[in-house]
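# Reading the structure
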Amino acid sequence: MGFFGKLTGSLRKTRETFVKGVDSVFRVDQVNEELFERLEETLILSDVGMHGAAEICKRLRGAAKKLRVSSSAELKKEFVNVICEMLAPESKEGESSGAGQEVAVKIAPKKVILVVGVNGVGKTTTVGKLAFFLKNQGERVSVAAADTFRDAAAAQLAIWVERAGVRFVKNQATGDPGAVVFDAIKDAKEQEIDVLICDTAGRLHNKKNLMAELHKIGSIIERNCPNAVKEVFLVLDATTGQTAISQAREFKSVVDVTGIVLTKLDGTSKGGVVLGVRSELDVPIRFVGLGENLEDLLVFDPREFAAALFG
Ligand SMILES: Nc1nc2c(ncn2[C@@H]2O[C@H](COP(=O)(O)OP(=O)(O)OP(=O)(O)O)[C@@H](O)[C@H]2O)c(=O)[nH]1
Ligand SMILES: [Mg+2]
């Protein structure tokens with residue numbers, strides 16, 4: 001099964017609820033205010049949330065007016081276009097910007113990815129899948145076990161790292177995540193690693209501690225690899241619906257989130273949350289998690305996603 005087939009299969013339940021609901025809104029002859037109201041209501045009820053639903057309807061109204069859309073079939077087409085536009089990353093995003101400037105010496109690591117999120121959303125699993133993905137892209141990858149809060153965390157990560165076949169840095173001695181990241185950066189320089197991925201704890205004694213620690217790890221990365229591209233991937237669990245959106249808001253206020261990884265899209269009917277997250281955050285969705293295996297991580301492509309949903 002290809003990537004697209006896998007995505008379509010994973011979105012089956014979302015198609016059954018969200019898409020069916022939306023389809024029924026468009027199954028009328030007239031494009032009128034009532035249709036827009038029903039659409040907004042349907043979107044709110046299907047995990048897109050208030051903010052996302054309002055934005056979609058506003059954009060769709062604008063497009064309908066501009067293009068003088070008169071049939072509901074045409075309007076549905078525009079609806080899919082609006083969704084693609086909303087999901088598309090900002091053009092300012094610099095995935096291809098490399099290390100930011102031309103430098104003669106080789107930078108190692110070129111990129112440091114900090115993976116954050118509350119407990120149980122799928123951070124460690126995502127780190128494993130992401131390591132495997134990047135390795136297959138030809139990158140030299142290392143993983144840092146910076147979740148030192150839970151005893152079993154490093155052991156769980158070690159299994160993923162072994163499956164992915166990448167380098168692993170842990171540090172049982174200090175129990176300090178900052179120290180692990182520091183060691184991993186040092187190791188990455190020595191080993192000429194391209195991408196360093198740091199797993200982090202999802203739970204500390206309290207939320208304030210968690211955010212303070214993420215902040216500290218961020219400064220260690222900044223100080224020790226000023227020339228590397230820094231990414232903060234926020235992992236959100238799609239099955240939690242609106243909760244994922246409020247977590248996103250909370251993390252974004254503390255750390256500079258550069259991308260979202262939306263996990264557990266397989267088997268949930270709450271796929272509409274993709275739209276809510278994107279509209280709420282103004283941060284691109286980079287990857288989606290579609291299962292518990294190494295290869296179950298897909299680069300998020302808005303057009304493909306919309307096609308898998310509505311195609
Ligand atoms: N179906 C499905 N399950 C997933 C996916 N990603 C993660 N999981 C499962 O979610 C559970 C939690 O995953 P972890 O990776 O341990 O989550 P975490 O965020 O690291 O958790 P803490 O370290 O406790 O904060 C595991 O049972 C994973 O197998 C996904 O994309 N699909
Ligand atoms: Mg974990």
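No experiment lies behind these values; they were computed from the predicted model shown. All residue numbers refer to positions counted from 1 along the written sequence of the respective chain. Chains and ligands are labelled by the order in which they are written, letters from A for the one and numbers from 1 for the other. Totals for whole chains, interfaces and linings use every residue, but because this is a predicted model, local features are given only for residues with pLDDT of at least 70 and side-chain atom pairs only at 80 or more, for both listing and counting.

This next bit is on the packing of helix 8 (residues 177-190) against helix 9 (residues 207-224). It is the contact of helix 8 with helix 9, at a shortest axis distance of 9 Å, that shows an interaxial angle of 25 degrees. Compared by their axis directions, helix 8 and helix 9 come out roughly parallel. In this structure, helix 8 meets helix 9 at a crossing whose hand is right-handed. In contact with Pro177, Gly178, Val181, Phe182 and Ile185 of helix 8, helix 9 contributes Glu213, Lys216, Ile217, Ile220, Ile221 and Asn224. Only the stretch in contact is used when a helix axis is fitted, and all axes are lines through C-alpha atoms; the angle between N-to-C directions ranges over 0 to 180 degrees. Secondary structure elements follow DSSP: runs of H or I of four or more residues count as helices, runs of E of two or more count as strands, with numbering from the N terminus. When describing relative orientation, an angle under 35 degrees is termed roughly parallel and one over 145 degrees roughly antiparallel, while 65 to 115 degrees is termed roughly perpendicular and anything else oblique. Crossings are sorted by hand: turned counterclockwise from the far helix by less than a right angle, the near helix makes the crossing left-handed, and turned clockwise it makes it right-handed. What counts as a contact is two residues whose backbone-derived C-beta atoms lie within 7 Å of each other.

So, about the pairing of strand 4 (residues 195-200). Whether a residue is buried, exposed or partly exposed is read from the other C-beta atoms within 10 Å of its own C-beta, which are placed from the backbone; 20 or more gives buried, 12 or fewer gives exposed, and intermediate counts give partly exposed. Along strand 4, 6 of the 6 residues are buried, which leaves the element largely enclosed by surrounding structure. Residues Val195, Ile197 and Asp199 point to one face of strand 4 and Leu196, Cys198 and Thr200 to the other, with burial holding for every one of them. A pair of strands is treated as paired once DSSP finds two or more bridges between them. Here strand 2 (residues 141-146) pairs with strand 4 via 6 bridges, running parallel. The residue of strand 4 that forms the bridge with Ala144 is Cys198.

On the secondary structure map, Thr243 appears in helix 10 (residues 242-252). Using a count of 13 C-beta atoms within 10 Å as the deciding quantity, one classes Thr243 as partly exposed. With 18 residues separating them along the chain, Thr243 and Val261 place their C-alpha atoms 15 Å apart.

This part covers the sheet that holds strand 7 (residues 285-289). Ordered by their spatial adjacency, 8 strands build an open sheet running 3-2-4-1-5-6-7-8, and the pairing between neighbours is mixed. This sheet does not close on itself; its edge strands, each paired only once, are strand 3 (167-169) and strand 8 (297-299). Geometrically, the sheet is characterised by an average inter-axis angle of 25 degrees between neighbouring strands, direction not taken into account.

With that out of the way, let us pick up the pairing of strand 2. The buried fraction of strand 2 amounts to 6 of the 6 residues, a majority that puts the element mostly inside the structure. Side chains of strand 2 alternate between two faces, with Val141, Val143 and Ala145 and Ser142, Ala144 and Ala146 buried alike. Here strand 2 pairs with strand 3 via 3 bridges, running parallel. Residue pairing for strand 3: Val143 is matched across the bridge by Phe168. Assignment of crossover handedness uses the view with strands pointing away from the viewer, where a clockwise path from the first strand over the helix to the second indicates a right-handed crossover. The parallel pair strand 2 and strand 3 is bridged by helix 7 (residues 153-164), and the resulting crossover is right-handed.

Once that is clear, we can look at the confidence of the model for the chain. Known as pLDDT, the predictor's per-residue confidence is scaled from 0 to 100. In this model, the chain carries a mean pLDDT of 90, and residues with pLDDT of at least 70 account for 94%. For the chain, helix 10 is the element with the lowest average pLDDT, namely 89, and helix 6 (residues 123-136) is the one with the highest, namely 98.

For the rest of this paragraph, the subject is the nonpolar core. The tendency in soluble globular proteins is for nonpolar side chains to be buried as a group. Counting 92 residues, the largest nonpolar core has Val181, Ile197 and Cys198 as the members making the most contacts within it. Excluding its chain neighbours within four sequence positions, the residues that come into contact with Ile197 are Ile113, Val115, Val127, Leu130, Ala131, Val141 and Val143. Connectivity within a nonpolar core runs through C-beta atoms within 7 Å, and the core itself is a set of buried Ala, Val, Leu, Ile, Met, Phe, Trp, Tyr and Cys residues.

Turning our attention to the environment of Arg249. The residue Arg249 is located in helix 10 in this model. Overall, the presence of 12 C-beta atoms within 10 Å leaves Arg249 in the exposed class. Placed 28 residues apart in sequence, Arg249 and Val277 show a C-alpha to C-alpha distance of 9.1 Å.

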